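Chain residues, written in single-letter form:
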Amino acid sequence: MVRPALPIHKGDVVFCVVQPSQQFYAHIVLQITRDDYHGTFKYWIGNVQQHKNGWCHIEHIFGLLTHVQVKQSPGVFWNR
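Note that the structure is predicted; figures quoted are calculated from it, not measured.

**Description of a nonpolar patch on the surface**
On the surface, Leu65, Val68, Val70 and Trp78 cluster together into a nonpolar patch covering about 340 Å² of accessible area. Relative to the helices and strands, Trp78 is located in strand E7 (residues 76-79).

**Considering the side chain of His27**
When you line up the elements, His27 lands in strand E2 (residues 23-35). His27 gets classed as buried once you look at its relative accessible area, which sits at 16%. For His27, the side chain forms a polar contact with the side chain of Asn53, separated by 3.1 Å. Sequence-distant contacts of His27, defined by excluding residues within four places in its chain, comprise Asp12, Val13, Val14, Ile45, Gly46, Asn47 and Asn53.

**Notes on the environment of Pro20**
For Pro20, the location among the structural elements is in the loop between strand E1 (13-18) and E2. Judged by relative accessible area, which is 70%, Pro20 ranks as exposed. Between the C-alpha atoms of Pro20 and His38, which are 18 residues apart in sequence, the distance is 15 Å.

Calculation notes
Once a new chain begins, its residue numbering starts again from 1 and follows that chain's sequence as written. Thresholds applied to this predicted model are a pLDDT of at least 70 for local features of residues and 80 or more for the giving and counting of side-chain atom pairs; totals over whole chains, interfaces and linings are not thresholded and use all residues. Side-chain numbers here rest on the full set of heavy atoms in the structure, without hydrogens or water. Patch membership requires over 30% relative accessible area and the absence of a salt bridge. Like charges are linked within 9 Å, and nonpolar side chains (Val, Leu, Ile, Met, Phe, Trp, Tyr) within 5 Å. What sets the accessible areas is the Shrake-Rupley method with a 1.4 Å probe; for residues, cover comes only from the shown protein chains. For this document, the term salt bridge refers to a Lys or Arg side-chain nitrogen within 4 Å of an Asp or Glu carboxyl oxygen. Here a strand is any run of E in DSSP of at least two residues, a helix any run of H or I of at least four, and the numbering for each starts at the N terminus. Relative accessibility under 20% of the residue-type maximum defines a buried residue, over 50% an exposed one, and the middle range a partly exposed one, all with a 1.4 Å probe and only protein chains included. What qualifies as a polar contact is a pair of N or O atoms within 3.5 Å, subject to a donor-acceptor requirement within protein and to the restriction that residues adjacent in sequence count only when both atoms come from side chains. Contacts between residues were defined by any pair of non-hydrogen atoms, one from each residue, lying within 4.5 Å.

Spatial relationships are all this shows, so hold off on functional conclusions.
Here is the structure:
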C-alpha cells in the first residue's frame, strides 16, 4: 500500500540525500526557501544544534518521520 505524500514543514525529521555532498541523512528541516532557479523549494537540512548540513529538493526526500515509540519498561511503550 502506498500512502499519499505528506507536506514537508520546518521542524520535520526527514530521510534524504543532502546536496551537494550526496550523503544520506535523517535530519531536521531547519528552513524552507524558494529555489527560483529550479522553480521549487529548497529544504535546508541540519541537526538539533541548528547546524546546517546542506539542502535538498523534494525529489531527494525519501521519508518523513511520522511516529515515535519509546520502550519505557518491559511491555510498556510510550507513543507520540
